[in-house]
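Inside the fold
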Amino acid sequence: MAGIDYRGLTKRFADGTVAVNEVDLEIADGEFVVLVGPSGSGKTTVLRMTAGLEDPTSGEILIGGARVNDVPPMDRNIAMVFQNYALYPHMSVYDNMAFGLKLHKVKKPEIRERVESASKMLAIDDLLKRKPSQLSGGQRQRVAMGRAIVREPHAFLMDEPLSNLDAKLRVEMRAYVAMLHQELATTTVYVTHDQTEAMTMGDRVAVMRGGVLEQCDTPRRLYEHPVNAFVGSFIGSPAMNLLRSRLVAENGHVQVAIGDAVLRLPQNVLDQRRGLQDRVGYDVIVGIRPEDIEDAALVGSPNGHATMDVKIALAESTGAEVIAYFPVHADTVGDVNVERRELISRQVAPGETTFTARLNPRTHAETGGPLRVAIDPSRLHFFDVKSERSIW
């Protein structure tokens with residue numbers, strides 16, 4: 001096993017497109033790091049350069065402290081798990097798992113020992129004689145992982161390995177991969193566009209946009225302390241609500257308006273985010289997560305909360321929760337608000353943006369009906385209007 005270190009890693013294609021731009025990231029030995037971001041963010045290109053399938057334009061890749069920029073893929077001692085499994089259809093499960101070992105001239109007794117050991121670990125030891133066409137999607141994925149495991153590599157590189165599975169199986173395999181990593185403790189770089197997958201699996205999550213590494217941190221830190229509005233809106237499902245509002249001082253208190261509600265910021269927020277004092281009288285971007293908007297009738301202790309009467313444009317019950325959408329008088333910020341506006345465009349007037357709330361299933365929120373919502377000002381996020389950086 002070995003750590004992976006990216007130093008100023010850059011990839012510029014022949015047409016001038018910069019897919020990865022000056023990425024610096026250290027991945028510790030045995031760490032599980034997830035690269036996440038929208039399509040075209042550069043995460044797969046980073047993985048392909050690590051594997052040796054793409055050459056960096058500049059910068060360095062170190063595996064186990066050794067520079068591997070010029071090392072052929074076969075000699076990097078890493079194993080990839082692909083989105084499409086990449087199994088040989090004419091080979092049995094056993095031969096698929098053993099194929100890489102045969103290429104590396106491993107002796108037959110050792111090949112058998114490794115394949116049998118990995119197949120038992122993955123609960124596919126009764127499938128070794130079958131062909132890929134005789135397997136389910138989940139079984140094929142485990143075979144692909146088994147083929148990587150038997151290599152006993154320095155690191156695993158996984159490129160959206162669960163995206164072809166149905167929702168239920170994807171959740172099961174997510175847990176399986178996480179438990180497998182705990183058992184093997186092999187350095188893993190995992191690429192996905194699914195931020196829920198990233199948050200539930202990674203020791204750390206690296207958020208990319210336009211080839212730039214925006215933030216890399218633990219899932220909790222990303223959720224609670226995003227460095228900018230993009231990370232704040234990308235991490236979390238449904239996405240963070242963003243709007244533009246002005247900080248004002250009133251009777252010695254700092255306040256901010258969210259729609260028709262005026263929220264007085266508690267002292268602990270001002271103490272934690274001392275930069276807010278410098279922006280009194282100026283606009284800021286305010287972020288509020290859907291799960292921090294509550295049905296006021298169900299808030300046990302509403303002291304300090306601001307309430308707002310809204311009309312629900314759409315309420316979707318999943319059984320465990322209700323996702324409610326409603327218009328708010330505010331200037332929209334970011335693509336995520338635009339997408340929600342398009343979802344219920346007939347309900348949104350000029351000068352309004354659409355908010356999403358993740359409500360308790362006991363709420364009485366109904367499509368077309370009124371609702372009084374409560375917002376806790378201590379749960380707000382604040383970003384600079386120009387840089388979109390978090391204000392602290």
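Everything discussed here concerns the structure shown above.
The text that follows walks through the structure, step by step, so that each part is easy to find. Predicted model only: the values in this text are computed from it and were never measured.

**Focus: the overall build of the protein chain**
The number of helices and strands found in the protein chain is 10 helices and 22 strands. Principal axes of the C-alpha set define a box for the protein chain whose edges measure 80 × 45 × 40 Å. Counting the 392 residues in the protein chain, one finds 51% classified as buried. Contacts in the protein chain between residues at least 24 apart in sequence constitute 71% of all its contacts with a sequence separation of at least 6. For the protein chain, the accessible area works out to roughly 18,400 Å², and carbon and sulfur atoms hold 47% of it. Taken together, the 45 basic and 51 acidic charged side chains of the protein chain have centroids lying 5 Å from each other.

**Things to note about the sheet that holds strand 9 (residues 204-209)**
Adjacent strands of a sheet pair through backbone hydrogen bonds, lying either parallel or antiparallel. Sheet architecture is open: six strands sit in the order 6-7-8-3-9-10, paired in mixed fashion. Each edge of the open sheet is held by one strand with a lone partner, namely strand 6 (78-81) and strand 10 (212-217). Each neighbouring strand pair of the sheet contributes to a mean axis angle of 20 degrees, computed without reference to strand direction. Sheet topology note: the strand 3 (residues 32-36)/strand 8 (residues 187-192) ladder contains five bridges and is parallel. If you follow Phe-32 over to strand 8, its bridge partner there is Thr-188. This element, helix 1 (residues 43-51), spans strand 3, strand 6, strand 7 (155-159), strand 8 and strand 9 of the sheet and lies at about 145 degrees to strand 7.

**Quick notes on the pairing of strand 4 (residues 58-63)**
Here five bridges tie strand 1 (residues 4-12) to strand 4, and the two strands are oriented antiparallel to one another. Across the sheet, Ile-4 pairs through a bridge with Ile-63, a residue of strand 4. Sheet topology note: the strand 4/strand 5 (residues 66-67) ladder contains two bridges and is antiparallel. By the bridge assignment for strand 5, Leu-62 is matched with Arg-67.

**Points about the sheet that holds strand 1**
Ordered by their spatial adjacency, four strands build an open sheet running 2-1-4-5, and the pairing between neighbours is antiparallel. Sheet topology places strand 2 (18-27) and strand 5 at the edges, where each strand pairs with a single neighbour.

**Observations concerning the packing of aromatic side chains**
Counted by the stated rule, this structure contains four aromatic pairs. With a centroid separation of 5.6 Å and an interplanar angle of 25 degrees, the aromatic rings of Phe-230 and Phe-234 are classed as stacked. Taken together, the residues span about one helical turn, with Phe-230 and Phe-234 both in helix 8 (residues 229-234) at a distance of four residues. With respect to class, Phe-230 is no different from Phe-234; both count as buried.

**A few points about helix 1**
Burial runs high along helix 1: seven of the nine residues are buried. Buried within helix 1 we find Lys-43, Thr-45, Val-46, Leu-47, Met-49, Thr-50 and Ala-51. Positive backbone phi, at 90 degrees, marks Gly-52, one or two positions downstream of helix 1.

**Some thoughts on empty space enclosed by the protein**
The full count for this structure, using the stated rule, is one cavity of 30 Å³ or more. In terms of lining residues, the largest cavity is bounded by 13 residues, among which Phe-156, Met-158, Leu-180, His-181 and Leu-184 are the most central. Secondary structure elements with two or more residues in the lining of the largest cavity: helix 4 (137-149), strand 7 and helix 5 (167-184). Looking at the lining of the largest cavity, the element that brings in the most residues is helix 5, giving four residues. Partitioning the lining of the largest cavity into residue classes produces 10 nonpolar, three polar and no charged.

**Quick look at helix 2 (residues 93-103)**
For helix 2, the set of buried residues is Val-93, Tyr-94, Asn-96, Met-97, Ala-98, Gly-100 and Leu-101. Packed against the buried residues of helix 2 are helix 3 (108-121) and helix 4.

**Some details on the layout of surface pockets**
By volume, the second largest pocket amounts to about 480 Å³. Taken together, 17 residues line the second largest pocket, and the ones lying closest to its centre are Ile-78, Ala-79, Met-80, Phe-82 and Arg-151. The set of elements that each furnish at least two residues to the lining of the second largest pocket consists of strand 6, helix 2 and helix 4. Class assignment of the residues belonging to the lining of the second largest pocket gives a composition of 13 nonpolar, two polar and two charged.

**A look at the pattern of salt bridges**
Inspection of the entire model under this criterion finds 20 salt bridges. The closest approach of N and O atoms between Arg-209 and Glu-214, which form a salt bridge, is 3.1 Å. In this structure Arg-209 comes out as partly exposed when scored by relative accessible area, which is 34%. Note that Asp-283 is salt-bridged to Arg-246, the shortest N-O span being 2.9 Å.

**Considering the environment of Leu-9**
With respect to the helices, strands and loops of the structure, Leu-9 is situated in strand 1. Owing to a relative accessible area of 0%, Leu-9 belongs among the buried residues under this scheme. Beyond its immediate stretch of four places on either side in the chain, Leu-9 contacts Val-20, Asn-21, Glu-22, Val-23, Val-46, Met-49, Pro-56, Ser-58, Gly-59, Glu-60 and Ile-61.

Rules behind the numbers
Residues numbered from 1 in each chain as written. Predicted model: local features only at pLDDT ≥ 70, side-chain atom pairs only at ≥ 80, totals over all residues. Heavy atoms only, no water. Helix = DSSP H or I, 4+ residues; strand = E, 2+ residues; numbered from the N terminus. Buried < 20%, exposed > 50% of the residue type's maximum accessible area, 1.4 Å probe, protein only. Contact = heavy atoms within 4.5 Å. Areas by Shrake-Rupley, 256 points an atom, 1.4 Å probe, with all protein chains shown as cover. Lys, Arg positive; Asp, Glu negative; His and termini not counted. Charge placed at Lys NZ, Arg CZ, Asp CG, Glu CD. Pairing = 2+ DSSP bridges. Axes fitted to C-alpha atoms, helices over the stretch in contact; angles between N-to-C directions. Phe/Tyr/Trp six-rings, centres within 6.5 Å; stacked < 30°, edge-to-face > 60°. 1 Å grid on protein atoms, 1.4 Å probe; cavity = no way out; pocket = protein on both sides within 12 Å on 5 of 7 lines; lining within 4 Å. Points joined across faces, edges and corners; volume = space filled by probe spheres on them. Nonpolar A, V, L, I, M, F, W, Y, C, P; charged D, E, K, R; others polar. Salt bridge = Lys/Arg side-chain N within 4 Å of Asp/Glu carboxyl O.

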